[in-house]
Amino acid sequence: MRAIVLGSGTSAGVPVIGCDCSICQSDDPKNKRTRSSIVVEKGKTRILIDTAPEMRIQIVNAGIRSIDAVMYTHLHADHSAGFDDLRAFWFHSKENMPVYLRDYYMAELKKRFYYAFENTGYLGAVPQTDLRDIPDNSFRIGDIEVEPIDLPHGNVSSTAFLMGSFAYATDFKRFSPEQIANWRGRIHTMVSGIHFGSHNTHSVIPETVALFEELEVKRGIITHLSHDVDYEKHQNDIPHHCEFAYDGMIIDLP
Ligand SMILES: [Zn+2]
Ligand SMILES: [Zn+2]
Ligand SMILES: [Zn+2]
């Protein structure tokens with residue numbers, strides 16, 4: 001099993017438009033962050049989690065030619081705006097793309113990208129999708145078993161996924177004690193957010209590091225990073241079993 005971090009940035013990306021700070025001006029490629037997204041592969045199955053605004057270039061840069069399904073954590077623009085580029089997969093496959101999301105997000109997806117779901121009279125290509133509910137309990141996509149949980153994220157909810165011993169959880173404030181008990185000791189590698197400072201709707205780095213400890217995660221990878229984080233310099237500020245994600249990072253999973 002393998003994961004590829006396609007994007008490791010927070011909603012504004014890094015560099016931030018018009019920002020002169022040292023991290024936005026840094027030459028380190030690991031300080032250049034497109035919006036957060038990840039691909040998980042096992043056996044013959046490849047799942048894309050979220051469609052960031054840079055989805056097309058992320059997929060091209062990763063050398064990916066096809067995916068079997070998309071799963072959404074939630075539909076904030078930084079996680080969904082690349083939806084239109086799902087068109088390109090159809091050019092080759094001629095098959096509708098399975099797109100998994102929680103049932104309470106169906107109406108929002110159809111509102112954000114109405115032209116893909118209504119007959120507008122447009123004669124060009126629109127994304128061809130097969131929308132599917134993420135159920136409350138475990139489900140399978142090809143070779144990958146997925147266990148979803150819903151987490152609070154401000155006034156909305158974000159879904160985290162446990163796949164084998166790999167977990168991806170972005171855009172949430174906290175796990176409940178029951179959720180911690182349920183996933184504790186089952187996770188080898190976890191990718192989670194986000195940057196330093198304080199935040200009302202996101203788990204910030206000290207909270208995420210504490211969560212890794214509560215869940216007994218062996219390898220904790222922090223993503224959804226802002227221009228607060230210098231990849232090299234701030235590595236010293238997090239524990240040894242934790243590291244920062246970067247765009248293009250390949251994570252080999254046990
Ligand atoms: Zn986000
Ligand atoms: Zn900056
Ligand atoms: Zn969000």
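Right above here is the structure, for reference.
Residues numbered from 1 in each chain as written. Chains lettered and ligands numbered in written order. Predicted model: local features only at pLDDT ≥ 70, side-chain atom pairs only at ≥ 80, totals over all residues.

A. Just the overall build of the protein chain, in detail. When you go through the protein chain residue by residue, the secondary structure sums to 6 helices and 14 strands. Its C-alpha radius of gyration of 18 Å places the protein chain within 12% of the 18 Å reference for a compact globule of 254 residues. The principal-axis extent of the C-alpha atoms belonging to the protein chain is close to 55 × 45 × 35 Å. Looking at the protein chain as a whole, 40% of its 254 residues are labelled buried. Summarising the internal contacts of the protein chain: among those between residues at least 6 apart in sequence, 64% fall at separations of at least 24. (Helix = DSSP H or I, 4+ residues; strand = E, 2+ residues; numbered from the N terminus. Rg over C-alpha atoms; globule rule 2.2 N^0.38 Å. Buried ≥ 20, exposed ≤ 12 C-beta atoms within 10 Å, placed from the backbone. Contact = placed C-beta atoms within 7 Å.)

B. Just the nonpolar core, in detail. Of all hydrophobic cores here, the largest spans 56 residues; its most connected members are I38, V40, I49, F161, A167, Y168 and M190. Those residues within four positions of Y168 in sequence are excluded, and the remaining contacts are I38, I49, A160, F161 and V191. (Core = buried A, V, L, I, M, F, W, Y, C linked by C-beta atoms within 7 Å.)

C. Summary view of the environment of R174. With respect to the helices and strands, the residue R174 is situated in the loop between β10 (166-169) and α5 (177-183). Classification of R174 as partly exposed rests on a count of 14 C-beta atoms within 10 Å. Each C-alpha atom of the pair R174 and F113 lies 30 Å from the other, and the pair is 61 residues apart in sequence. If sequence neighbours within four positions are ignored, R174 has contacts with P152 and S203.

D. Highlighting the sheet that holds strand β1 (residues 2-7). The strand order across the open sheet formed by 7 strands is β6-β5-β4-β3-β2-β1-β14, and the pairing between neighbours is mixed. Edge strands, defined here as strands with exactly one partner in the open sheet, are β6 (129-133) and β14 (250-252). The mean angle between the axes of side-by-side strands here comes to 20°, regardless of whether they run parallel or antiparallel. (Pairing = 2+ DSSP bridges. Axes fitted to C-alpha atoms, helices over the stretch in contact; angles between N-to-C directions.)

E. Highlighting the environment of D237. Within the secondary structure, D237 is located in the loop between β12 (219-223) and β13 (242-244). Separated by 32 residues in the primary sequence, D237 and I205 have C-alpha atoms spaced 9.8 Å apart.

F. The arrangement of the pairing of β10 in detail. Of the two faces of β10, the one holding F166 and Y168 and the one holding A167 and A169 are both buried throughout. Hairpin connection, strand β9 (residues 156-163) to β10: the antiparallel pair is bridged by 2 residues, and G164 has positive phi, about 60°. With 4 bridges joining them, β10 and strand β11 (residues 189-193) adopt parallel strand pairing. Each bridged residue has a counterpart across the sheet, and for A169 the counterpart in β11 is S192. A crossover links β10 with its parallel partner β11, the connecting element being α5, and its sense is right-handed. (Right-handed = clockwise from strand over helix to strand, strands pointing away.)

Fair warning: the whole summary comes from geometry, so function is off the table for now.
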